[in-house]
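Summary of the model geometry
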Amino acid sequence: MYIVLAPPSNGQRISAGGDAQAAFLPVDAAGAPTADAIVVPVAQLGETVRRMEQPGIRWVWDSTRSWYPGLLAAGISVERCHDVALNREILRHSPSSSATEYGSQLQSRPDEAEDANPARVLPPLAPSPLQESLFETTQPAAGADVVEVSAEFAAQQRAVRDSDRPAQLALLLAAESAGALIAAEMEHAGIPWRADLHNELLESQLGPRPRDGHRPAELERLAGELRTALDNPRFNPDSPQELLRALHRAGIEVSSTRSWELQRHNHPAIAPLLKYKKLSRLLTANGWTWLDIWVHDGRFRPEYVVGGSMSGRWASRGGGALQIPHQVRDAVRADTGYTLIVADAAQLEPRVLAVLGRDSALAAAGRGLDLYQGIADQGFGGDRAKAKVAMLGAMYGATTGESGRLMPQLTRTYPQAISVVETAARTGEAGGVVASFLGRGCPPPSERWLSAQQTSSAAEQQRADSLARSRGRFTRNFVVQATAAEWALCWLAELRRRLRANTADYASAHIIFFLHDEVMLHAPRELADQVSAMVTEAARAAAQLMFGEIPVEFPVNVVVVDSYADAK
DNA sequence: ACGCGTAGCGCG
DNA sequence: AAAGCGCGCTACGCGT
């Protein structure tokens, strides 16, 4: 059932030498050993995993990142895992497990995620034995040996069992661990990236690649134009402070140099300035330097951080993988004979809100493919833009502007749904915690926040109220964003399961990108239709898995393209 | 020399 | 038209 994979404990080492070793300990669902541990040199790690891997086996390890990349490099993939470190962070914050022994222990221990330097509070750790050979890893296995990992696994299983909502929590932990496997597999596959096309794109907009430290021709030309228009021969448009002063001298009264604020003014300098900012952004964020660093052998390989944000959304490190501008997406091309399958969930967050509030009116609005149009038809005279602004405002906590004004209409039409976010906001403002549908909890208020609320002076009160409202907006958004994130995780996991169900046929079809509510696959052209159907079917299955039979639909848009730019 | 906060903008 | 959530990255400019 479960096999714990970790460095051996001291008594288990097969020789006194310094050779890196790995221990395999079969345990039952409660974490109790069912056989003796097997210890092998890491050189035999891959073949041992390959031999033991079989349907139904779940690998238990401290972190997927310390084991799985090496296995993938050796051509081995596994069906399921239990990522102890990821599950630890969920159980640390989940209100459902806070009363359990493990949950309360964790809350009194420092949070690795918040404490940048665990070495400060924990004894220094020996370097992981897995740093060598096959297993180069960025993150040591935290030093936990097989006895410690299996003990913590057992504690986590008990915490789920003793929690308020064992079924939901178990699903959340399984989905998070599946996400960890998928992230490692995506890093292994990489995003197919045509450096030649990217370079052409840069040259057509910026001119030829300049020598280091020089502006590309087009930026230089625009800078000259700006100096003339602002009658300011030597200013540097890359410095916001200088730019702001130059704009003021030219009589353009702006409080910042943000593009949207500049756009509202009429001056000959505005057009070249906006163009300069756009191109300058392209150059600095996704220019030639970016290509040199991040694209090798036709692949962009960023690092994904599963559970990297409190809501359970992923984060990424390196190359800005979750911010690939539309401007450069044409460089993402399927290999010859392959195709890109790009899918995104349609209006995921408001649909999630409909479930959270059991709001049949909102569910009815989403009966078609376009939820916002449905809302528009029910309460906004068919004006889709208004409906969208109102709904986003409700989920983000807008109080002013157009969405603030439209809120009352939304509250009248969907009282059930709106009360979910309003209640979450009130809870947060009062210093409470909220949770997603499956039980991921938001962090408690910081010490600083709490002490600010204690104030009695009138001058400080305003600041305290502002902080309280800010936390209210966070918790308001958290319930929706976190539930949407776990739907997306279930969607990914269901998709992966379908791809693996017939490994022989789908071995060359890979998930290569995931962005909150969007997924991209790279697959042989002849499999495009079957894979597209899997994506759609996985979305239906994810909703069923999380929510059971509900009258809310979760449609996905799926397109088959050669270039990511054609996916919209 | 390096670390850090801020401004600005990219994505959802 | 331009506020209100979650992230990462770059350059600037200040501090040490």
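Everything below is about the structure shown above.
Everything in this summary refers to the structure shown in the same document. (Residues numbered from 1 in each chain as written. Chains lettered and ligands numbered in written order. Predicted model: local features only at pLDDT ≥ 70, side-chain atom pairs only at ≥ 80, totals over all residues. Heavy atoms only, no water.)

**Focus: the protein's contact with DNA strand B**
This is how it is decided: Note on terminology: near, applied to a residue and a molecule or strand, indicates that one of the residue's heavy atoms is within 4 Å of it. Two N or O atoms count as a polar contact when they lie within 3.5 Å, although within protein this holds only if one can serve as hydrogen donor and the other as acceptor, and sequence-adjacent residues are included solely when both atoms are side-chain atoms. Counting from the N terminus, the helices are the DSSP runs of H or I reaching at least four residues and the strands are the DSSP runs of E reaching at least two. Side-chain classes are defined by residue name, with Ala, Val, Leu, Ile, Met, Phe, Trp, Tyr, Cys and Pro counting as nonpolar, Asp, Glu, Lys and Arg as charged, and the others, Gly among them, as polar.
The environment of DNA strand B is made up of 18 residues, and the closest members are Thr257, Ser259, Lys277, His326 and Asp517. Atoms of DNA strand B within 4 Å of the protein belong to the sugar or the phosphate in 80% of instances, the rest to bases. Between DNA strand B and the protein, one listed contact pairs a phosphate oxygen with a side-chain N or O atom of Ser259 at 2.7 Å. Here Arg329 contributes a side-chain N or O atom positioned 3.2 Å from a sugar or linking oxygen of DNA strand B. It is helix H11 (residues 270-286) that contributes the most residues to the surface near DNA strand B, three residues altogether. Each residue belonging to the surface near DNA strand B can be placed in one class, and the counts come to four nonpolar, seven polar and seven charged.

**Here's the deal with the protein's contact with DNA strand C**
As a structural note, the neighbourhood of DNA strand C is formed by 27 residues, with Ser239, Gly318, Gln323, Ala398 and Arg473 the closest of them. Each atom of DNA strand C within 4 Å of the protein was classed as base or backbone; sugar and phosphate made up 74%. Between a base nitrogen of DNA strand C and a side-chain N or O atom of Gln323, the distance comes to 2.7 Å. Mapped onto the surface near DNA strand C, the elements with two or more residues apiece are H11, strand E10 (315-317) and helix H20 (458-501). Top element by residues in the surface near DNA strand C is H20. It accounts for four residues.

**Side note on the pattern of salt bridges**
For the record, the criterion: Any carboxyl oxygen of Asp or Glu within 4 Å of a side-chain nitrogen of Lys or Arg constitutes a salt bridge here. Burial classes: relative accessible area under 20% of the type maximum marks a residue as buried, over 50% as exposed, and values in between as partly exposed (1.4 Å probe, protein chains only).
All chains considered together, the criterion is met by 27 salt bridges. One salt bridge connects Asp292 with Arg209, and the closest N-O pair in it is separated by 2.7 Å. Of this pair, Asp292 sits in helix H12 (residues 288-294) while Arg209 is found in the loop between helix H7 (195-206) and helix H8 (217-229), placing the two residues 83 residues apart along the sequence. We classify Asp292 as partly exposed; its relative accessible area is 43%. Taking relative accessible area as the criterion, Arg209 reaches 39% and is therefore assigned partly exposed. For Asp562, the salt bridge identified is with Arg525, shortest N-O distance 2.9 Å. Of this pair, Asp562 sits in the segment after strand E14 (556-561) while Arg525 sits in the loop between strand E13 (518-524) and helix H22 (528-547); the two residues are 37 residues apart in sequence, bridging distant segments of the chain. The class of Arg525 is partly exposed, set by a relative accessible area of 45%. In this structure, a network of salt bridges that share partners links the residues Glu494, Arg497, Arg498, Glu537 and Arg540.

**Describing unusual backbone geometry**
Positive phi outside glycine occurs at Gln347, with the angle close to 45°. Classification of Gln347 as buried rests on a relative accessible area of 16%. For Lys568, which is not glycine, the phi dihedral falls at a positive 75°. Relative to the helices and strands, Lys568 resides in the segment after E14. A relative accessible area of 83% means that Lys568 is categorised as exposed.

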